[in-house]
Amino acid sequence: MELLSTIATGIVVAWVTSVLTVRLALSQHYTERWWERRLDAYIRVHDALSYQLKQTKAEYDSLYDFYSGEEIRKPIPDDMAEELRKNWRESERELEDAIVRGSFLLSEEAVTLLRRYQEEQRELDRQLDQYGAGIVDDQFESAQSATHAFGELAKMDLQITRPRFRWRRAPG
């Protein structure tokens with residue numbers, strides 16, 4: 001009887017251990033998959049922001065070459081302005097698609113930053129005809145700032161880097 005009791009106890013312990021191990025492994029797997037999906041969403045949005053940054057830099061360079069030392073605040077020719085707007089709309093659609101597809105995976109701070117950036121860019125685009133090529137410089141600075149800030153938010157949200165704590169010495 002004692003042998004049977006020992007075997008039954010061993011079977012119960014093995015069964016409980018295996019169930020717990022499987023549950024913990026599945027939980028870890030699901031957590032890792034969720035993190036990977038969040039990482040993909042952050043990468044997709046960051047790529048779209050980087051594309052806008054590159055696009056704006058290229059536009060700024062082409063306008064600088066076009067004006068070549070003349071007053072950069074004068075109006076941009078209509079055909080050139082239309083080409084700039086066309087390229088910008090394409091990059092804006094790409095960014096909006098990335099935001100919509102990843103909005104439930106991104107932090108609230110990241111979505112707020114992106115929406116604020118988009119509104120700022122729309123306002124600058126409305127001023128393009130009035131203020132000329134100088135607006136493209138503002139668009140570039142805005143895109144550069146948003147790309148950097150979004151990257152930092154992504155690192156913190158995904159816990160790739162943790163905020164640094166400063167240890168203070170006790171006074172005295």
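Keep in mind that this is a model prediction, so the values were computed, not measured.

What counts as what
- Residues numbered from 1 in each chain as written.
- Predicted model: local features only at pLDDT ≥ 70, side-chain atom pairs only at ≥ 80, totals over all residues.
- Heavy atoms only, no water.
- Phe/Tyr/Trp six-rings, centres within 6.5 Å; stacked < 30°, edge-to-face > 60°.
- Helix = DSSP H or I, 4+ residues; strand = E, 2+ residues; numbered from the N terminus.
- Lys NZ or Arg CZ within 6 Å of the ring centre and 35° of its normal.
- Axes fitted to C-alpha atoms, helices over the stretch in contact; angles between N-to-C directions.
- Parallel < 35°, antiparallel > 145°, perpendicular 65-115°, else oblique.
- Left-handed = near helix turned anticlockwise from the far one by under 90°.
- Contact = heavy atoms within 4.5 Å.
- Polar contact = N/O pair within 3.5 Å; in protein donor to acceptor, adjacent residues only side chain to side chain.
- Salt bridge = Lys/Arg side-chain N within 4 Å of Asp/Glu carboxyl O.
- Buried < 20%, exposed > 50% of the residue type's maximum accessible area, 1.4 Å probe, protein only.

**Considering the packing of aromatic side chains**
Under the defined criterion, the tally for this structure stands at two aromatic pairs. Both rings, one in Trp-34 and one in Phe-104, keep their centres 6.2 Å apart while their planes meet at 50°; by these two values the pair is tilted. Residue Trp-34 is found in helix α1 (residues 2-67), and its partner Phe-104 is found in the loop between α2 (78-102) and α3 (108-126); the two are separated by 70 residues along the sequence. If you follow Lys-57 out to its NZ or CZ, it ends over the ring of Phe-140, 5.8 Å from the centre.

**Digging into the packing of α2 against α3**
Taken N-terminus to C-terminus, the directions of α2 and α3 make an angle of 165°; their axes are 12 Å apart at the nearest point. Between α2 and α3, the angle falls in the class roughly antiparallel. Two packed elements cross with a definite hand, and for α2 against α3 that hand is left-handed. The segment α2 lies against α3, with Arg-85, Trp-88, Glu-92, Leu-95, Glu-96 and Ile-99 engaging Leu-114, Arg-115, Tyr-117, Gln-118, Gln-121, Arg-122 and Asp-125.

**As for the side chain of Gln-52**
Relative to the assigned elements, Gln-52 resides in helix α1. At a separation of 2.5 Å, a polar atom in the side chain of Gln-52 contacts the side chain of Tyr-117. With sequence-adjacent residues up to four places away left out, Gln-52 is seen in contact with Trp-88, Ser-91, Glu-92, Leu-95 and Tyr-117.

**A closer look at the pattern of salt bridges**
Per the counting criterion, the structure on display carries nine salt bridges. A salt bridge links Arg-122 to Glu-119; its shortest N-O distance comes to 3.8 Å. With a gap of three residues between them, Arg-122 and Glu-119 both fall in helix α3, about one helical turn apart. Relative accessible area serves as the criterion here: at 41%, Glu-119 is assigned to the partly exposed category. A salt bridge links Glu-119 to Arg-126, with the shortest nitrogen-to-oxygen separation between them at 3.3 Å. A cluster of three or more residues bridged by salt bridges with shared partners is formed by Glu-92, Glu-119, Arg-122, Glu-123 and Arg-126.

Treat this as a map of the structure, not an account of what it does.
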